[in-house]
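The residues making up each chain are set out below.
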Amino acid sequence: MIAFPPPLGLIAELTHRCPLSCPYCSNPLQLERAADELDTATWLRVLDQAAEIGVLQVHFTGGEPLSRRDLTTLVAHATSRGLYTNIITSGVTLDDRAMAALMQAGVDHIQLSFQDVDPQANDVLGGSPGAFPKKQAAAARIRNAGLPLTLNFVVHRGNAARVPQMIDMAEALHADRTEIAHVQYYGWGLVNRAALLPTLAQLREATDAVDAARLRLSGRMVIDYVVPDYHAARPKACMGGWARRFINISPSGRAMPCHAAETLPGFTFPSVRDTSLSDIWHHSDAFLRFRGTQWMPEPCRSCDRQEVDWGGCRCQAFALLGDMNATDPACGLSPHHGVMQAAVTESEAGAAPFRYRTMKKEAVLF
Amino acid sequence: MSDAPTTAPPRLSPGHKFRFDQVRGAWVLLGPERLFMPDDHAVEVLKLVDGVRDVDAITADLAARYAAPAADIRTDVVAMLADLSARGAIRL
């Protein structure tokens, strides 16, 4: 039997700690605590295993990966194993010292998130007064260090109209790449969906702005655009298909095909504390369960796009339909596609208050 | 012959690495949150993208090795570099 191709990327969620508290955070509602995080030695072993099985890129994320004091140690080790190292950061703690240490460690790329192009809206959304100028300073540090700069803007109903200004700001900060990424409705984002989901008209306007900017900036700045699939006719190929490209490791060491997979019932996710990445990738039930097309129900089973979108997202099927084995309702061919429009209608009914991300138990309502 | 400029030698964009992956037995081009698995032709071109050789030098090298008309090779090289440039992986 021919082994399944190796994973392309390792998503290392080093910690759920973060100085921001964005209401669309993709972290789980039940955040993992610092005491439960993997230690340095275990992460170093995981990085060794990643290189050995063919992982090409490591994405250090969180939470805020800079909250981990051993980040530079991990980056240096990954680099020494030939892994491409990427850090996904809010930037508010990326001071001169941290930047110098990361450069010394050989970091390849840093993605810097902004919550908005408007300073005040940025700080309100992140629940972090004073964050905006710190992020601007971080952008300058990344550029001055000679690294490529990627800015990430998370787009929702409250800021979709400012997409053109976001791209202008990225250009002014000499970004090589900009992600205009609509909120994905999982975790905290799903909790706050009624406050965040844009209308179809807003989505079209934002999409037009991205299309125009791409033409104008071709060869100078790459713009990656991620849409919310509530207005879509076909589902996204979530994670490029279940367990086809990525291994996601939670702060406590649980290995999952994506960061939201732990919302699914009936899974025992293997831990990197006692299971090798090779075993996890090639043999674990959690990774094999929805890999490929064998599991698919109709309408996927007879669909010519089954290896294009891989049935969409298992977590979304479970979150919206209570059935992780169903076709993603984002697909217009799903008999339950109406739940997407119902959510849009609910969102258009009026503003709901944000529930900010927090580690406090009392804020977790279900 | 294409009239594409030949003065500026193409180079990998900042944050991009072109390396051989032992596990896959294949060349890979790694960049910021993206990667490319170039085909055999692209691999031969990318091996010559060093920030020193210009398009004419790359073309001459390939034409000599593959005994193919330089004009045809140049057209392919220019198209491939333009594609990777549009995707942000190459600076022309």
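All values reported here derive from a predicted model rather than from experimental measurement.

## Description of the overall build of chain B
On a plain count of helices and strands, chain B comes out with three helices and five strands. Order of helices (α) and strands (β) in chain B, N terminus to C terminus: β-β-β-β-α-α-α-β. Computed over its C-alpha atoms, the radius of gyration of chain B comes to 13 Å, within 12% of the 12 Å expected for a compact globule of 92 residues. By residue count, 28% of the 92 residues in chain B fall in the buried class. Taking contacts inside chain B between residues at least 6 apart in sequence as the whole, the part at least 24 apart equals 49%.

## Remarks on the overall build of chain A
Scanning chain A from N- to C-terminus turns up 14 helices and nine strands. Taken over the C-alpha trace, chain A has a radius of gyration of 20 Å; the compact-globule value for 366 residues is 21 Å, and the two agree within 12%. Classification of the 366 residues of chain A by burial places 51% in the buried group. In chain A, once contacts between residues fewer than 6 apart in sequence are set aside, the share between residues at least 24 apart is 73%.

## Focus: the sheet that holds strand 8 (residues 246-249) of chain A
All names here are of chain A. Overall, mixed pairing links the nine strands, which are arranged 7-6-5-4-3-2-1-8-9 in an open sheet. Edge strands, defined here as strands with exactly one partner in the open sheet, are strand 7 (222-226) and strand 9 (255-256). Bridging between strand 4 (residues 109-114) and strand 5 (residues 149-155) involves five bridges; their strand directions are parallel. Counted as the bridge partner of Ser113 is Asn152 from strand 5.

## Focus on the interface of chain B and chain A
Interface extent is often summarised as the accessible area lost during association of the parts. At the interface, 16 residues of chain B touch 19 residues of chain A. Listing elements by their share of the side of chain B that touches chain A, those giving two or more residues are strand 2 (17-21), strand 3 (26-31) and helix 3 (70-86) of chain B. Here the side of chain B that touches chain A is composed, by residue class, of seven nonpolar, four polar and five charged.

## A word on the environment of Tyr356 of chain A
Residues and elements named next belong to chain A. By secondary structure assignment, the location of Tyr356 is in the segment after helix 14 (338-348). Classification of Tyr356 by C-beta neighbours within 10 Å gives partly exposed; the count is 16. For Tyr356, the residues in contact, after removing those within four places along its chain, are Ser21, Pro23 and Gly127.

## Re the confidence of the model for chain A
Put simply, chain A has an average pLDDT of 94, and 98% of its residues get 70 or more. Overall, residues 362-366 of chain A carries pLDDT values under 50, and its contacts beyond four positions in sequence, including any with other chains, amount to four contacts.

## A short note on unusual backbone geometry
All names here are of chain A. In this structure, Gly63 follows Gly62 across a cis peptide bond, with omega equal to 10°. If you trace the backbone, Gly63 turns up in the loop between strand 2 (57-61) and helix 2 (71-80). At His174, a residue that is not glycine, the phi angle is positive and equals roughly 60°. Within the fold, His174 resides in the loop between helix 6 (163-172) and strand 6 (177-182). Given 14 C-beta atoms within a 10 Å radius, His174 is considered partly exposed. A positive phi angle, close to 60°, is found at Met239, a residue other than glycine. Note that Met239 resides in the loop between strand 7 and strand 8.

## Some remarks on the sheet that holds strand 3 of chain B
Residues and elements named next belong to chain B. Pairing is antiparallel in the open sheet, where three strands are placed in the order 2-3-4. At either end of the open sheet lies a strand with only one pairing partner, and these are strand 2 and strand 4 (34-36). The sheet shows a mean angle of 30° between the axes of neighbouring strands, direction not considered. In terms of strand pairing, strand 3 meets strand 4 through three bridges, oriented antiparallel. By the bridge assignment for strand 4, Leu30 is matched with Leu35.

## Side note on the nonpolar core
If you look at soluble globular proteins, the nonpolar side chains tend to sit buried side by side. Residues Leu47, Ala50, Val58, Phe60 and Val163 of chain A are the most contacted members of the largest nonpolar core, which totals 122 residues. Setting aside its immediate chain neighbours within four residues, Phe60 of chain A contacts Ala12, Leu14, Pro65, Leu71, Leu74, Val75, Thr85, Asn86, Ile87 and Ile88 of chain A.

## Considerations on the packing of helix 6 of chain A against helix 9 (residues 200-217) of chain A
Residue and element names in this part refer to chain A. Direction vectors running N to C along helix 6 and helix 9 enclose 30°, while the axes themselves pass 9 Å from each other. Judged by the inter-axis angle, helix 6 sits roughly parallel to helix 9. With respect to the hand of their crossing, helix 6 and helix 9 are arranged in right-handed fashion. Contacts between helix 6 and helix 9 involve Val163, Pro164, Ile167 and Glu171 on the former and, on the latter, Ala206, Ala209, Val210, Ala213 and Leu217. Among the residues forming the contact of helix 6 with helix 9, the class breakdown is eight nonpolar, no polar and one charged.

## Some details on helix 2 of chain A
Residue and element names in this part refer to chain A. Listed as buried for helix 2 are Leu71, Leu74, Val75, His77 and Ala78. Buried residues along helix 2 cover an arc of 165° about the axis, so they all sit on one side. Lining the buried residues of helix 2 we find helix 1 (40-53), strand 2, strand 3 (84-89) and helix 3 (96-105). Gly82 lies just past helix 2 and shows a positive phi near 85°.

## A few points about the pairing of strand 2 of chain A
Residue and element names in this part refer to chain A. With five of five residues buried, strand 2 is to be regarded as a mostly interior element. Here strand 2 shows a buried face lined by Gln57, His59 and Thr61 and a second buried face lined by Val58 and Phe60. Sheet analysis places strand 1 (residues 9-13) next to strand 2, joined by five bridges and oriented parallel. In the sheet register, Gly9 faces strand 2, and the bridge partner there is Gln57. Handedness of the crossover joining strand 1 and strand 2 through helix 1: right-handed.

Conventions used here
Residues numbered from 1 in each chain as written. Chains lettered and ligands numbered in written order. Predicted model: local features only at pLDDT ≥ 70, side-chain atom pairs only at ≥ 80, totals over all residues. Helix = DSSP H or I, 4+ residues; strand = E, 2+ residues; numbered from the N terminus. Rg over C-alpha atoms; globule rule 2.2 N^0.38 Å. Buried ≥ 20, exposed ≤ 12 C-beta atoms within 10 Å, placed from the backbone. Contact = placed C-beta atoms within 7 Å. Pairing = 2+ DSSP bridges. Nonpolar A, V, L, I, M, F, W, Y, C, P; charged D, E, K, R; others polar. pLDDT = per-residue confidence, 0-100. Axes fitted to C-alpha atoms, helices over the stretch in contact; angles between N-to-C directions. Core = buried A, V, L, I, M, F, W, Y, C linked by C-beta atoms within 7 Å. Parallel < 35°, antiparallel > 145°, perpendicular 65-115°, else oblique. Left-handed = near helix turned anticlockwise from the far one by under 90°. Arc of directions from axis to C-beta. Right-handed = clockwise from strand over helix to strand, strands pointing away.

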